[in-house]
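Examining the three-dimensional arrangement
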Number of protein chains: 2
Amino acid sequence: MPSAAAVLRTRASVFAALGDETRLGLLAKLTNGEPLSIARLTEGTKLTRQAVTKHLRVLEDVGVVFSVKAGRESRFALDPRPIVSAQEYLEHVSRQWDIALARLKALVEGT
Amino acid sequence: MPSAAAVLRTRASVFAALGDETRLGLLAKLTNGEPLSIARLTEGTKLTRQAVTKHLRVLEDVGVVFSVKAGRESRFALDPRPIVSAQEYLEHVSRQWDIALARLKALVEGT
DNA sequence: GCAAAGAGCAACTAAAGGGTTGCGTATAGG
DNA sequence: CCTATACGCAACCCTTTAGTTGCTCTTTGC
């Protein structure tokens, strides 16, 4: 069982990886399921292939993406599991908020 | 209607704001609904009040948090709307991925 | 067998981020 | 009043990050 602090750190790093316009764009290209090469992912980005590569490494480090070598090119595909995890966390936060608000409201209204 | 690029940029900045361990900790303290002062939020952080203030500004800039002045202290409270929006986006991404996978699978199996 | 395509690696730069310290200001309360 | 509390602002430092350039290596395909 990972410590609570480690969980926090992991979650933060996933959000950090998602916290970039370019990387969100890359994810969008990968949501259709088909693994894409770096050259392919670079098209239409105004960036160098190297820059895109770095972004992909960031995404790969947090597990949102993984790569498979196919001949001379390495294809990247999406792994939705960390995304689902992050999504559930946000759901949890807003849910806790709702519960807390209801509780406070009941308090004010004298129950 | 904001442009698609602007939407992307906004979303990215929200994720970026969430992409920090300290800030996730601050959010956690605010999920119980009660607005807290900066001094209060600084307790148990190993950080300076100034550092915490900066983090709060980051959260405030993306609308995840807002402040209300109360005498000599300014209290921060959570606004779950951007969080809900981010959550829905992640849900959308993983959902698209599921759909795409199903489609690819059907293709391979010859429909 | 050779040119072109697809990538990896390393060094470098500019800018952004996280953090601190120091100082000034307003409010609460004895 | 006068002190302690709660902040805001600004300057500064160090580290990380985004991006580029240049070079090398492997694979493709004619």
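Below: a short report on this structure.

Calculation criteria
Within any chain, residue numbers begin from 1 and follow the written order of that chain's sequence. Just so you know, chain letters begin at A and ligand numbers begin at 1, following the order they were written in. Local features in a predicted model are, by the rule used here, given only for residues with pLDDT of at least 70; side-chain atom pairs are given and counted only at 80 or more, and totals for whole chains, interfaces and linings are based on all residues. In this text, near has one meaning. A residue is near a molecule or strand if its C-beta atom, placed using the backbone, is within 6 Å of it. Elements are defined by DSSP. Helices are runs of H or I of four residues or more, strands are runs of E of two residues or more, and each kind is numbered from the N terminus. Gly is put with the polar residues, along with every residue not named as nonpolar or charged; the nonpolar set is Ala, Val, Leu, Ile, Met, Phe, Trp, Tyr, Cys and Pro, and the charged set is Asp, Glu, Lys and Arg. Strands are labelled as partners when DSSP assigns at least two bridges between them. We call two residues in contact if the C-beta atoms placed from their backbones are at most 7 Å apart. Axis angles are defined between N-to-C directions and span 0 to 180 degrees, where every axis is a line fitted to C-alpha atoms and, for a helix, only to the segment in contact. To line up the copies, we fit them by least squares on C-alpha atoms, keeping just the residues with pLDDT of at least 70 in both.

Glancing now at the protein's contact with DNA strand D. In the vicinity of DNA strand D there are 19 residues, among which Thr48 and Gly71 of chain A together with Ser37, Ala39 and Glu73 of chain B approach most closely. Elements with a contribution of two residues or more to the surface near DNA strand D: α4 (49-61) of chain A together with α3 (38-42), α4 (49-61) and β3 (73-78) of chain B. Residue composition of the surface near DNA strand D, by class: five nonpolar, nine polar and five charged.

A separate point is the sheet that holds strand β3 (residues 73-78) of chain A. Residues and elements named next belong to chain A. Strand order in the open sheet formed by three strands is β1-β3-β2, and the pairing between neighbours is antiparallel. In the strand order of this sheet, the two ends are held by β1 (36-37) and β2 (65-70), each with one partner. With two bridges connecting them, β1 and β3 associate as antiparallel partners. Looking across to β3, one finds that Leu36 is bridged to Phe76. Contacting β1, β2 and β3, helix α2 (residues 21-30) runs over the sheet at an angle of about 90° to β3. Against the sheet, α4 contacts β2 and β3, and its axis sits at roughly 120° relative to β2.

The subject of this paragraph is the protein's contact with DNA strand C. DNA strand C sits among 19 residues. The nearest are Ser37, Ala39 and Glu73 of chain A together with Thr48 and Gly71 of chain B. Those elements that place two or more of their residues in the surface near DNA strand C are α3 (38-42), α4 and β3 of chain A together with α4 of chain B. Looking at which element gives the most residues to the surface near DNA strand C, the answer is α4 of chain B, with five residues. For the surface near DNA strand C, the per-class residue count stands at five nonpolar, nine polar and five charged.

Residue-level contacts link 31 residues of chain A with 30 residues of chain B. Elements supplying a minimum of two residues to the side of chain A that touches chain B: α1 (4-18), α2 and α5 (81-108) of chain A. Of all the elements, α5 of chain A adds the most residues to the side of chain A that touches chain B, at 13 residues. Here the side of chain A that touches chain B is composed, by residue class, of 18 nonpolar, eight polar and five charged.

For the match of chain A to chain B, the screw axis carries a shift of 0.0 Å, the RMSD comes to 0.1 Å, and the turn is 180°. Considering both components of the superposition, the chain copies are consistent with a two-fold axis.

So, about the sheet that holds β3 of chain B. All names here are of chain B. The sheet built from three strands is open, its strands ordered β1-β3-β2 with antiparallel pairing. What marks the edges here is a single partner per strand, and that holds for β1 (36-37) and β2 (65-70). The sheet strands contacting helix α2 (residues 21-30) are β1, β2 and β3, and the helix crosses β3 at an angle near 90°.

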